Amino acid sequence: HMVSLRPLAALPVVGVVADVRTYRHLLYLFVSLLLWGVYSTVLPLGALLGALSSVVLVGVAVLIGVVIGSRLLASLERWLANRLLGTAIVAPDDVPSGATGAVATVRAYLTAPSTWRGLGFVSLKLWVTLLAFAPLFVLASVLPLVAAPVRYPYEVEFGEVNGEPVVWTIDAAPEAALAAAVGVVGVLLGLHLTNLIAGGARLMAVALLGEGAGSGDDGFEFDADPARPEPEPDDRG
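Residues numbered from 1 in each chain as written. Predicted model: local features only at pLDDT ≥ 70, side-chain atom pairs only at ≥ 80, totals over all residues. Heavy atoms only, no water.

Here's the deal with the overall build of the chain
Within the chain, the regular secondary structure consists of 6 helices and 2 strands. Listed N to C, the secondary structure of the chain is α-α-α-α-α-β-β-α in terms of helices and strands. Counting every position in the chain, which comprises 237 residues, the buried fraction comes to 35%. Sequence separation of 24 or more characterises 66% of the internal contacts of the chain that already satisfy a separation of 6 or more. Summed over all atoms, the accessible surface of the chain reaches about 13,500 Å², with 70% contributed by carbon and sulfur. (Helix = DSSP H or I, 4+ residues; strand = E, 2+ residues; numbered from the N terminus. Buried < 20%, exposed > 50% of the residue type's maximum accessible area, 1.4 Å probe, protein only. Contact = heavy atoms within 4.5 Å. Areas by Shrake-Rupley, 256 points an atom, 1.4 Å probe, with all protein chains shown as cover.)

Some details on a nonpolar patch on the surface
Together, W36, L124, W127, L130 and F133 make up an exposed nonpolar region whose accessible area comes to about 520 Å². Counting residues per element, the nonpolar patch draws most heavily on helix 4 (residues 113-146), at 4 residues. With respect to the helices and strands, F133 occurs in helix 4. (Patch = residues over 30% accessible without salt bridge, like charges linked within 9 Å, V, L, I, M, F, W, Y side chains within 5 Å. Salt bridge = Lys/Arg side-chain N within 4 Å of Asp/Glu carboxyl O.)

Comments concerning the side chain of T194
Of note, T194 is situated in helix 6 (residues 173-208). Residue T194 is classed as buried on the basis of its relative accessible area of 0%. The contact partners of T194, leaving out residues within four places of it in the chain, are T22, H25, L26, L29, P135 and L139.

Focus on the pattern of salt bridges
What the rule picks out here adds up to 2 salt bridges. Among the salt bridges present, the one from D19 reaches R21, with a minimum N-O distance of 3.2 Å. Looking at R21, the relative accessible area reads 7%, which means it is buried. Taking the shortest distance from any N to any O, the salt bridge between K125 and E77 comes out at 2.8 Å. With a gap of 48 residues between them, K125 in helix 4 and E77 in helix 2 (residues 57-84) connect regions that are remote in the sequence. With respect to burial, K125 and E77 carry one shared label: buried.

Observations concerning the nonpolar core
In terms of nonpolar packing, the biggest core is built from 23 residues, with Y28, Y39, L85, F121 and A205 touching the most fellow members. Of all the elements in the fold, those that place two or more residues in this core are helix 1 (20-52), helix 2, helix 4 and helix 6. By residue number, the principal contributor to this core is helix 6, which donates 6 residues. Ignoring any residue separated from it by four or fewer positions in sequence, one finds Y28 in contact with E77, L80, A81, L84, L85, F121, K125 and A201. One finds V16, V142, V187 and L191 within the second-largest nonpolar core, a separate group that totals 9 residues. (Core = buried A, V, L, I, M, F, W, Y, C linked by side-chain atoms within 4.5 Å.)

A look at the environment of A134
In this structure, A134 sits in helix 4. Linking A134 and G190, residues 56 residues apart in sequence, is a C-alpha distance of 7.8 Å.

Things to note about the environment of T111
Note that T111 resides in helix 3 (residues 102-111). The exposure class of T111 is exposed, given its relative accessible area of 52%. C-alpha separation for the pair T111 and P96, spaced 15 residues apart in sequence, amounts to 8.2 Å. Polar contacts involving the side chain of T111 include one to the main-chain carbonyl oxygen of A108, which spans 3.1 Å. (Polar contact = N/O pair within 3.5 Å; in protein donor to acceptor, adjacent residues only side chain to side chain.)

Quick notes on the confidence of the model for the chain
Considering every residue of the chain, the mean pLDDT works out to 78; 77% of them sit at 70 or more. Per-element mean pLDDT across the chain ranges from 74 in strand 1 (residues 154-161) up to 92 in helix 6. pLDDT under 50 marks residues 1-5. Its contacts with residues more than four places away, or in other chains, come to 0 contacts. Note that pLDDT drops below 50 for residues 214-229; the model gives that stretch 20 contacts with residues more than four away or on any other chain. (pLDDT = per-residue confidence, 0-100.)

Next up, the structure:
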């Protein structure tokens, strides 16, 4: 009788290193940082300019453009969630059909609940992206420590305090071993933070970006079985 080996990804605490989903989540956070500049400048600036000039028709048009433009960002976020967060979100189809003319078309988009749910997601994503700095900073700081036993002597800089750099000089084997241990703990912490933040983003995406969003039946589980394969993402939307 052969005893099957437990998948590495299913191991507690350290299994996160062997789970391929962890690295998709990490990529999701990295892409979110790249998009942060758009979300934190274009949308707030457009809303501010529109509000300040709302007494004239141009301001109203800018506000409408920001709201409807958020649908494009929501579509991008739905694609990212399906590709990197393991969701299978179907694009909502709640825009009234049969609208003719610019005014009717704008009214159709503004009356669609998915427009406002998408705008809500994009607004909340700003805060998720700010949280994403934490695991990425931790990983960037501790990864050099993991290789300390094979590269010492060298110095590791951890930023500045009162204008003075904080430096750890590693020039002996015991220090290198300690640095490696600290690095491994830091990597595990950073990867678990990555999964936690990505899990929150996934819940938001399922609740706000999909067809029938907010119904409460999202099929989401917090990685109770890391070895279980994810559902195939839906390509629609």
